Amino acid sequence: KNDGWLKLACNCTPECQVIDAEGAGPSPALFMAARRSLPARYRANRANYKFLVGPGITDWWAEYQSNRPTDKGDEAQATGEGGRIWGNSFFEVPMWREDMVYNPGANVQDVTHVLYTTLDNLMYLNRRQFDLMTDYKIETDKFQSVAYWTQDVLIQRPEEMVLIKNVDVCADPYVGCKETCYDCDYTPNNPVDCV
């Protein structure tokens, strides 16, 4: 119904907690900017935060770590696991979109978004309604009952997350810096309802 957590996050995240990579690639500076953009009142819980990403970002991190001439570099190269960045782990979502269009009309880039939040902030709702009508299928020589379900997602507390948008997995690394926002309005100012 709501087209997923990513669409909700784009509509509901407070503006001062949105980092626009503007087509730049991932870098440690980009993920530190996300940590800095988290409001001060939620920082005590940063150990429970994760970066929700697609496979391209986790592959980048494993490759980035494997270039280190250390045991961690050898481990990343052997296992494909880069480990944590700035104390937070990646939560890879296999079907996370990495083909969103950035800069339409000019130099078109495929980009992705990264969501920095706790997993319990994302709710998945499922409702089943069984149809008691049963049909006999002669092709399989079995009785068949049909079940229907609906599913939906919602974000419980949009003020407790940071959205990094327009990250190109193959571009030059992000080098910008975003100042910490202490005095911004933490209520979503977008017209879309978060539930």
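Here the structure is shown first, and the text comes after it.
What you see is a predicted model, and the numbers here were worked out from it, not measured in a lab.

**Remarks on the nonpolar core**
- In terms of nonpolar packing, the biggest core is built from 23 residues, with Ile 19, Phe 31, Phe 51, Phe 90 and Ile 164 touching the most fellow members.
- Those elements that provide at least two residues to this core are α2 (28-37), β2 (50-53), α3 (55-66), β5 (109-117) and β8 (162-167).
- Among the elements that make up this core, the one with the highest residue count is α2 (4 residues).
- Apart from the residues lying within four places of it in its own chain, the contact partners of Ile 164 are Ile 19, Leu 30, Phe 31, Ala 34, Thr 112, His 113 and Val 114.
- Grouped together as the second largest cluster of nonpolar side chains are 14 residues, Leu 8, Met 100, Val 111 and Ile 155 included.

**Quick look at α3**
- A rise of 1.5 Å per residue sets the reference length of α3, with its 12 residues, at 16 Å; its end C-alpha atoms lie 16 Å apart and thus fit the reference within 8%.
- Where α3 is concerned, the buried positions are Gly 56, Ile 57, Thr 58, Trp 60, Trp 61, Ala 62, Gln 65 and Ser 66.

**Structural notes on a negative patch on the surface**
- On the surface, Asp 59, Glu 63, Glu 75, Glu 81 and Glu 92 cluster together into a patch of negative charge.
- Inspection of the secondary structure assignment puts Glu 75 in helix α4 (residues 71-79).
- Overall, the relative accessible area of 41% leaves Glu 75 in the partly exposed class.

**Some remarks on the environment of Lys 142**
- Among the structural elements, Lys 142 can be located in strand β7 (residues 142-155).
- Note on Lys 142: relative accessible area 54%, which makes it exposed.
- Apart from residues lying up to four places away in sequence, Lys 142 is in contact with Asp 135, Tyr 136 and Lys 137.

The rules behind these values
Going along each chain's sequence as written, the residues are numbered from 1 onward. Whole-chain, interface and lining totals are the exception, using all residues; otherwise, since this is a predicted model, local features are given only for residues with pLDDT of at least 70 and side-chain atom pairs are given and counted only at 80 or more. Hydrogens and waters are ignored; side-chain quantities use all the structure's heavy atoms. What we call a nonpolar core is a set of buried Ala, Val, Leu, Ile, Met, Phe, Trp, Tyr and Cys residues that are connected through their side-chain atoms within 4.5 Å. Relative accessibility thresholds used throughout: buried, under 20% of the residue-type maximum; exposed, over 50%; partly exposed, between the two (1.4 Å probe, protein chains only). Numbering goes from the N terminus for both helices and strands, where a helix is a DSSP run of H or I of at least four residues and a strand is a run of E of at least two. Note on definitions: a residue-residue contact is assigned when non-hydrogen atoms from the two residues lie within 4.5 Å. How far a helix is expected to stretch is found by multiplying one less than its residue total by 1.5 Å. Surface patches are drawn from residues lacking salt bridges whose relative accessible area is over 30%; two like charges belong together within 9 Å, two nonpolar side chains (Val, Leu, Ile, Met, Phe, Trp, Tyr) within 5 Å. Working definition of accessibility: Shrake-Rupley area with a 1.4 Å probe, residue cover restricted to the visible protein chains. In the sections that follow, a salt bridge refers to a side-chain nitrogen of Lys or Arg positioned within 4 Å of a carboxyl oxygen of Asp or Glu. Charged residues are defined narrowly, with Lys and Arg counted positive, Asp and Glu counted negative, and His plus the chain ends left uncounted. Where a charge lies is defined by one atom per residue type: Lys uses NZ, Arg uses CZ, Asp uses CG and Glu uses CD.

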